[in-house]
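Residue-level listing of the chains:
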Amino acid sequence: MVLDVHGGPWARDSWGYDPTHQWLANRGYAVLSVNYRGSTGFGKNFINAANKEWAGKMHDDLVDAVQWAVKERIADPARIAIMGGSYGGYATLVGMTFTPDLFACGVDIVGPSNLNTLMRHLPPEWMPSFPLLAGRVGDPNTEEGKKFLDERSPLTRVDKIKKPLLIGQGANDPRVNQSEADQIVSAMKAKKIPVTYVLYPDEGHGFARPENRMSFYAVSEAFLAEHLGGKYEPIGDDFKNSSIAVPTGAENVPGLADSLHR
């Protein structure tokens with residue numbers, strides 16, 4: 001099973017066609033998406049229940065859903081991945097560091113690893129909303145806030161990582177700066193923890209160019225197949241016209257290193 005966590009976090013999953021769900025289902029996975037607390041469309045109380053709960057009760061909601069899927073015999077507890085973009089990428093890193101035994105692997109797409117640097121490097125157009133964001137996430141301008149944000153940052157718990165991790169990042173991301181990926185990759189390498197880092201020099205917050213999306217999902221399905229046992233198509237020509245670069249860890253994904261040298 002793949003736990004696919006939506007971004008935002010102030011957004012929601014809704015009924016209807018989802019290309020990511022369809023792709024993963026085609027490869028043989030059950031897919032679980034959860035409107036954890038903080039998701040929109042369920043009233044103010046539900047949104048406000050997520051205040052200061054990044055890596056707290058918001059993650060508990062995801063864990064509860066996974067445990068439900070295991071209890072219902074939908075998921076094999078030894079073969080569950082966590083995956084997502086933006087806040088979903090952060091949730092992936094939280095899963096790898098706060099509950100390191102729960103997931104077999106993780107795919108983090110443009111997720112923040114350090115909440116202090118995330119909150120200090122917000123894009124200019126978000127600054128009018130800073131008081132609201134500080135109330136929801138934490139305030140990096142106070143000593144108490146800085147300590148709290150450190151406690152909720154996957155970067156400070158890198159040594160807890162036990163399972164394989166794939167990270168995708170855009171070099172021009174104005175929301176989740178490339179340094180968010182660089183920091184955790186550097187920390188993992190320093191502790192000799194394997195990680196595969198995929199970087200796109202022409203992308204921002206997510207992968208807009210179809211060629212780049214194709215390349216990243218080709219890498220992702222090979223990665224998931226290696227650790228969950230689902231199906232995947234060999235990378236083949238999926239890197240054509242993509243700007244994909246892999247600064248570290250190409251050897252950890254079947255066919256990746258060879259495809260980069262074609």
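This section reports on the structure supplied with the text. Not measured: the values here are computed from a predicted model. (Residues numbered from 1 in each chain as written. Predicted model: local features only at pLDDT ≥ 70, side-chain atom pairs only at ≥ 80, totals over all residues. Heavy atoms only, no water.)

### Some thoughts on the packing of aromatic side chains
Taken as a whole and judged by the stated rule, the model has 10 aromatic pairs. A ring pair is formed by Trp10 and Trp54, whose centres lie 6.3 Å apart and whose planes are at 50°; its orientation type is tilted. Of this pair, Trp10 sits in the loop between β1 (2-5) and α1 (19-26) while Trp54 is found in the loop between α2 (44-48) and α3 (57-71), placing the two residues 44 residues apart along the sequence. Given a relative accessible area of 6%, Trp54 falls into the buried group. An angle of 85° between the planes, with centres 4.8 Å apart, marks the rings of Trp54 and Tyr87 as edge-to-face. Here Tyr87 lies in helix α4 (residues 87-98) and Trp54 lies in the loop between α2 and α3, a separation of 33 residues in the sequence. Linked through ring pairs, Trp10, Tyr36, Trp54, Tyr87 and Tyr90 together constitute an aromatic cluster. (Phe/Tyr/Trp six-rings, centres within 6.5 Å; stacked < 30°, edge-to-face > 60°. Helix = DSSP H or I, 4+ residues; strand = E, 2+ residues; numbered from the N terminus. Buried < 20%, exposed > 50% of the residue type's maximum accessible area, 1.4 Å probe, protein only.)

### So, the environment of Asp61
Following the sequence through the fold, Asp61 ends up in helix α3. C-alpha separation for the pair Asp61 and Arg37, spaced 24 residues apart in sequence, amounts to 7.2 Å. Residues contacting Asp61, with those up to four places away along its chain left out, are Val34, Tyr36 and Arg37. (Contact = heavy atoms within 4.5 Å.)

### What about the packing of α3 against α4?
At a closest axis distance of 11 Å, the pairing of α3 and α4 adopts a crossing angle of 75°. The angle between α3 and α4 places the two elements in the roughly perpendicular class. Contact residues: Met58, His59 and Leu62 in α3; Tyr87, Ala91, Val94 and Gly95 in α4. Residue classes in the contact of α3 with α4 are distributed as 5 nonpolar, 2 polar and no charged. (Axes fitted to C-alpha atoms, helices over the stretch in contact; angles between N-to-C directions. Parallel < 35°, antiparallel > 145°, perpendicular 65-115°, else oblique. Nonpolar A, V, L, I, M, F, W, Y, C, P; charged D, E, K, R; others polar.)

### Structural notes on the sheet that holds strand β4 (residues 105-109)
Within the open sheet, the 7 strands sit side by side as β2-β1-β3-β4-β5-β6-β7. Their pairing is mixed. Since the sheet does not close on itself, it has two edges, and those belong to β2 (31-32) and β7 (245-248), each with one partner. As judged from the 5 bridges shared by strand β5 (residues 165-170) and strand β6 (residues 196-200), these two strands associate in the parallel manner. Looking at β6, one finds that Gly168 is bridged to Val198. Across the face of the sheet, α4 comes into contact with β1, β3 (81-85), β4 and β5 while running at roughly 150° to β3. (Pairing = 2+ DSSP bridges.)

### Structural notes on the layout of surface pockets
The method is simple in principle: a probe with the dimensions of a water molecule rolls over the atoms, and the space it marks as empty is what remains. There is about 400 Å³ of room inside the largest pocket. Forming the walls of the largest pocket are 19 residues, and the residues nearest its centre are Val5, Gly7, Gly84, Gly85 and Tyr217. Residue assignment for the lining of the largest pocket shows that the elements contributing at least two residues are β1, α1 and β3. Looking at which element gives the most residues to the lining of the largest pocket, the answer is β3, with 3 residues. Residues that form the lining of the largest pocket fall into these classes: 7 nonpolar, 9 polar and 3 charged. The calculated volume of the second largest pocket comes to roughly 310 Å³. Around the second largest pocket, the lining comprises 13 residues; the ones closest to its centre are Asp13, Ser14, Trp15, His21 and Ser33. For the lining of the second largest pocket, a count of residues per class yields 5 nonpolar, 5 polar and 3 charged. (1 Å grid on protein atoms, 1.4 Å probe; cavity = no way out; pocket = protein on both sides within 12 Å on 5 of 7 lines; lining within 4 Å. Points joined across faces, edges and corners; volume = space filled by probe spheres on them.)

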